[in-house]
Amino acid sequence: MKGRILIAATVALAAASPIFVATACAADPSADTQPGFVPGTGQINPGNAAQPWSNAPPLPQDQQPAQEEARAALMSPDNGAPSAGQSAGQGPAQGAAQGPAQGGVQATPPAPNGGDQSGSGASSAAPSAAPPGPIGATIQTMPAKFSHRNDVLDHMPVMAWPLPLNAQQRQEIYQAVMADKSPPAADTTKLKPANALTFEQRRDMRPLPESLAAVDGLQGLKYVKGKDKVLLVRPSTGIVVDEVTM
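These notes cover the structure that comes with them. As the structure is a prediction and not an experimental result, all values here were calculated from the model. (Residues numbered from 1 in each chain as written. Predicted model: local features only at pLDDT ≥ 70, side-chain atom pairs only at ≥ 80, totals over all residues. Heavy atoms only, no water.)

1. What to know about the overall build of the protein
Counting its secondary structure elements, the protein contains six helices and four strands. Secondary structure elements in the protein, listed N-terminal to C-terminal, are α-α-α-α-α-α-β-β-β-β. Counting only residues that meet the buried cut, the protein has 24% of its 246 residues in that class. Excluding contacts between residues fewer than 6 apart, the proportion of contacts in the protein whose partners are at least 24 apart in sequence is 59%. Only carbon and sulfur atoms are counted for the fraction: they give 59% of the accessible area of the protein, which is about 16600 Å². (Helix = DSSP H or I, 4+ residues; strand = E, 2+ residues; numbered from the N terminus. Buried < 20%, exposed > 50% of the residue type's maximum accessible area, 1.4 Å probe, protein only. Contact = heavy atoms within 4.5 Å. Areas by Shrake-Rupley, 256 points an atom, 1.4 Å probe, with all protein chains shown as cover.)

Structure representation (structure tokens):
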């Protein structure tokens, strides 16, 4: 009987001990075992105090790449091939024997006696299907130091990225909107992609002409007509998503 009472007392003490520990920790504010934890938000404790992603200030709008430069970068051809590395399948000695890369493609050394190594009469320097850079990187994940495309886009906020419209499509949009004889909206000179329309400017939003219904990417958008430009706007937010000029 005494043994049963002793076991029951031990179990009760073990069950109550977390309460005493929690009370002791709460009483001592310095006993912080969860740095970085934000109660009530569901945030997972990272084990250290939260740090900002970057302390670098955003690039001012007047220093961002031009809209057409960003559009050309965004529409760069992509064959989907991941990079195999700058010297994949080559030893250091072999890479040195071949000489420096030209335009990101390693030049193949000439065959002895001026012959063709491939035996098919093809050019000895064939362009590689994979872009040079870190192994496995694609056109979208390539670091900016290896990719002019990504370097341009990295200097623009994502909201300011232009729509993938080619020159013919932009010309169709501009001509169709400017054919409307209504006067241009006021105060649109300083409006750029990623800017938000004021309440007064939202009154000047118009549906796109029916002739542009087949242009991919314009679905759900409206426009605001400027003096010498067309601002494509997402009506639910009033955000300018693109600017079309001639």
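2. Describing the sheet that holds strand S2 (residues 222–225)
Sheet architecture is open: four strands sit in the order S1-S2-S3-S4, paired in antiparallel fashion. In this open sheet, the two edge strands, each paired with only one partner strand, are strand S1 (206–207) and strand S4 (239–244). In terms of strand pairing, S2 meets strand S3 (residues 230–234) through four bridges, oriented antiparallel. Pairing of Lys 222 across the sheet is with Val 233, part of S3. On the sheet, helix H5 (residues 167–178) packs against S2, S3 and S4 and is oriented at approximately 95° with respect to S3. (Pairing = 2+ DSSP bridges. Axes fitted to C-alpha atoms, helices over the stretch in contact; angles between N-to-C directions.)

3. Here's the deal with the pattern of salt bridges
Taken as a whole and judged by the stated rule, the model has five salt bridges. Taking the shortest distance from any N to any O, the salt bridge between Asp 242 and Arg 71 comes out at 3.0 Å. Of this pair, Asp 242 sits in strand S4 while Arg 71 sits in helix H2 (residues 67–74), and the two are 171 residues apart along the sequence. Exposure class is identical for Asp 242 and Arg 71. Each is buried. (Salt bridge = Lys/Arg side-chain N within 4 Å of Asp/Glu carboxyl O.)

4. Topic: unusual backbone geometry
In most cases, non-glycine residues show a negative phi, while peptide bonds are predominantly trans. Although it is not a glycine, Asp 187 adopts a positive phi angle of roughly 60°. One can find Asp 187 in the loop between H5 and helix H6 (199–202). In the Ramachandran plot, Ala 194 falls in the positive-phi region, its phi being about 85° despite a non-glycine side chain. Along the chain, Ala 194 falls in the loop between H5 and H6.

5. Overview of the nonpolar core
Counting residues in each nonpolar core, the largest one holds 16 residues, and the members touching the most others are Ile 173, Leu 218, Val 230 and Leu 232. When residues of this core are traced back to their parent elements, those giving at least two are H5, S3 and S4. What Val 230 contacts, discounting residues up to four positions off in sequence, is Ile 173, Tyr 174, Val 177, Met 178, Tyr 223, Val 224, Asp 242, Glu 243 and Val 244. Of all hydrophobic cores here, the second largest spans eight residues; its members include Ala 185, Leu 191, Leu 231 and Val 240. (Core = buried A, V, L, I, M, F, W, Y, C linked by side-chain atoms within 4.5 Å.)

6. Things to note about the pairing of S3
Most of S3 is tucked away: four of the five residues are buried. Hairpin connection from S2 to S3: four residues lie between these consecutive antiparallel strands. The sheet contact formed by S3 and S4 spans five bridges and is antiparallel. Across the sheet, Val 230 pairs through a bridge with Val 244, a residue of S4.

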